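Residue-level listing of the chains:
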Amino acid sequence: MISVADLLVDGRIPGNYFATDAYVRSDLELGLLENRRGDRLLAIPDTLIRAIYAGLEKETGQATRLVLFNCGRWWGKNFYARFGEELTDYYGSPLAEMSMSDFIQSLKQCWLTHGWGTFDLDQTYQHRGFLIVKVTHSPFASHSPNMSRPVCFLETGVFSSFFSQLAGREVNCIQISCESQGSDSNRFLIGLPDRLQGVSEMVDAKLSHEEIMGKLCG
Amino acid sequence: MHPALESVFNEAESRYLNANELNIVGGYVESIPDRLEIYRILRDEEVNILQPVVDQLQQKFPASEAKRLERSTKNGILSLRTCAMGMLLNDQGYVQERIQWIKQTQKNNSLEDIDQVFYPLLEQQLNKTLGNLKMKLLQDIFQQVQSALLSDESSSSSSSVNSSSSPAAPDPVDELNLESLF
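What you are looking at is a predicted structure, and each value in this text was computed from that prediction instead of being measured.

Engineer: I'd love a proper account of the overall build of chain A, names of residues and values included.
Structural biologist: Scanning chain A from N- to C-terminus turns up 9 helices and 7 strands. Considering only C-alpha atoms, chain A reaches an extent of 60 × 50 × 30 Å along its principal axes. Per-residue burial over chain A gives 34% buried out of 218 residues. Counting contacts in chain A only where the partners sit at least 6 residues apart, residues at least 24 apart contribute 52% of the total.

Engineer: For the nonpolar core, give the residues involved together with the corresponding values.
Structural biologist: Residues Val133, Cys152, Phe159, Phe163, Phe188, Leu189 and Ile190 of chain A are the most contacted members of the largest nonpolar core, which totals 38 residues. Considering every element that reaches this core, the biggest residue donor is helix 7 (residues 153–167) of chain A, with 7 residues. Setting aside anything within four residues of it in sequence, one finds valine 133 of chain A in contact with Phe119, Leu121, Phe159, Phe188 and Ile190 of chain A. Among the nonpolar cores identified, the runner-up in size contains 31 residues, and Val95, Phe118, Tyr119 and Val145 of chain B belong to it.

Engineer: How would you sum up helix 3 (residues 46–60) of chain B? Please name residues and give values.
Structural biologist: In this model helix 3 of chain B runs 22 Å from its N-terminal to its C-terminal C-alpha over 15 residues, within 8% of the 21 Å that 1.5 Å per residue would give. Regarding helix 3 of chain B, the residues found buried are Ile49, Leu50, Val53, Val54 and Leu57 of chain B. For helix 3 of chain B, the buried positions fall inside an angular range of 115° around the axis, keeping them on one side. Opposite the buried face of helix 3 of chain B, by more than 90 degrees, sit the exposed residues Asn48 and Gln59 of chain B. Residues of helix 3 of chain B that are buried in the fold lie against helix 1 (4–7) of chain A together with helix 4 (66–89) and helix 6 (112–150) of chain B.

Engineer: Describe helix 6 of chain B, and please don't skip the residues or the numbers.
Structural biologist: Residues and elements named next belong to chain B. Here helix 6 contains 39 residues, and its C-alpha end-to-end distance of 7 Å is more than 12% below the 57 Å for a straight helix at 1.5 Å per residue. Within helix 6, the axis deviates most sharply at glycine 131, by approximately 110°. Of the positions making up helix 6, those classed as buried are Ile114, Asp115, Phe118, Tyr119, Leu122, Leu126, Leu130, Leu138, Ile141, Phe142, Val145 and Leu149. Check the buried side of helix 6 and you find it contacts helix 2 (19–44), helix 3, helix 4 and helix 5 (92–108).

Engineer: A description of the sheet that holds strand 1 (residues 24–27) of chain A should follow, citing residues and the corresponding values.
Structural biologist: All names here are of chain A. Pairing is antiparallel in the open sheet, where 3 strands are placed in the order 1-2-3. Both outer strands of the open sheet, strand 1 and strand 3 (40–41), are each paired with one neighbouring strand and no more. One ladder, built from 2 bridges, connects strand 2 (residues 32–35) with strand 3; its direction is antiparallel. Bridge pairing in strand 3 links glutamate 34 to arginine 40.

Engineer: Just give me the short version of the packing of helix 4 of chain B against helix 5 of chain B, but keep the residues and values in it.
Structural biologist: A pair of packed helices can be characterised by two numbers: the angle between their axes and the separation between those axes. Residues and elements named next belong to chain B. Taken N-terminus to C-terminus, the directions of helix 4 and helix 5 make an angle of 170°; their axes are 9 Å apart at the nearest point. The angle between helix 4 and helix 5 places the two elements in the roughly antiparallel class. Of the residues in helix 5, those touching helix 4 at Asn75, Leu78, Ser79, Thr82, Cys83, Met85, Gly86 and Leu89 are Gln92, Tyr94, Val95, Arg98, Ile99, Ile102, Thr105 and Gln106. Class assignment for the residues of the contact of helix 4 with helix 5 results in 8 nonpolar, 7 polar and 1 charged.

Engineer: Hey, could you go over the confidence of the model for chain B for me, with residue numbers and the actual values?
Structural biologist: Residues and elements named next belong to chain B. Confidence along chain B averages 84 in pLDDT terms, with 80% of residues attaining 70 or more. Segment residues 155–173: pLDDT under 50, and 40 contacts once partners within four positions in sequence are set aside and those in other chains are kept. Reported confidences for the modelled complex are a pTM of 0.86 and an ipTM of 0.83.

Calculation notes
- Residues numbered from 1 in each chain as written.
- Chains lettered and ligands numbered in written order.
- Predicted model: local features only at pLDDT ≥ 70, side-chain atom pairs only at ≥ 80, totals over all residues.
- Helix = DSSP H or I, 4+ residues; strand = E, 2+ residues; numbered from the N terminus.
- Buried ≥ 20, exposed ≤ 12 C-beta atoms within 10 Å, placed from the backbone.
- Contact = placed C-beta atoms within 7 Å.
- Core = buried A, V, L, I, M, F, W, Y, C linked by C-beta atoms within 7 Å.
- Expected span 1.5 Å × (residues − 1).
- Arc of directions from axis to C-beta.
- Bend = angle between axes of the 7 residues up to and from the residue.
- Pairing = 2+ DSSP bridges.
- Axes fitted to C-alpha atoms, helices over the stretch in contact; angles between N-to-C directions.
- Parallel < 35°, antiparallel > 145°, perpendicular 65-115°, else oblique.
- Nonpolar A, V, L, I, M, F, W, Y, C, P; charged D, E, K, R; others polar.
- pLDDT = per-residue confidence, 0-100.

What follows is the structure, encoded as structure tokens:
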């Protein structure tokens, strides 16, 4: 017998932790934007992102991609830790007890609420050991300089770190389609390092994401 | 805040409200005591409203479906609380974002068949508890929720799990354990 009273733990039914109007808060006196946990948030204008790209290009040249990738790696590791803590605290149960679909639903909403675009996880190739993250309206793709190649180095770093933490083992991430090159979305291929051998060369050879997946899984 | 009221309040720095706009504000303010009364009933009678619904659900579905029934019930509690707050604020926008979340949860857990039975039963129980007059203030919001959850449309333009045009893939992994996946 299901008892409605028993389902209400402390009278709570957890919902959408990252709902925009619940997650983002402002402190008018101190001039701070915070999340519902009190961690500071920052609104970043488009021009700042363009300025970061321009400054890095000027100072580091071709190393820009590596600098941004490593920034993403560091961010991704901390993002995973904070994301996990927030969900664990809110839902009152360890992350390991959460279903994949609930986890991804929360991650989607988190991505959206932070203004990083939309996030989807494509599990079409999961039986071959690959996941594809699809991000649309990425601020990093829309404001990067034209490099005639995928340019979301920061996000690539974030996902490599985030999914490594989630999987409990080192996985790589390579971007295989990019909005800056006219693609409908930014696709990030995630898999074990040895399974992604040769993918960078396929990207440099300007193969489409379908061709790349065809060669990997064909 | 109700979008009409929000847009009216945001005009304050430009001008005073005109007669029509003041009527909008006045109308909402006058309805607040009724809305508070309905909200209190929904809050205080939450278990009494939902338990008969759940009891009937358990008669219609086998015991093996207990886990899904529980999940549908939790979603139902959340839906009703969202309705209550949406009614209090008179804000369908508030409801819309939250219902999209519940819709995705429904899809993730394949609860559509249970919800097709749950929400009509819930509506009957609400009519019984609130009566026709009070139900009028809740009706629009409840219909918004019920329509969203019982429609066949996907919850958003993109879904969490995407099986696209490539060769037929097995069912996605739903365990939060990617170690074995890679």
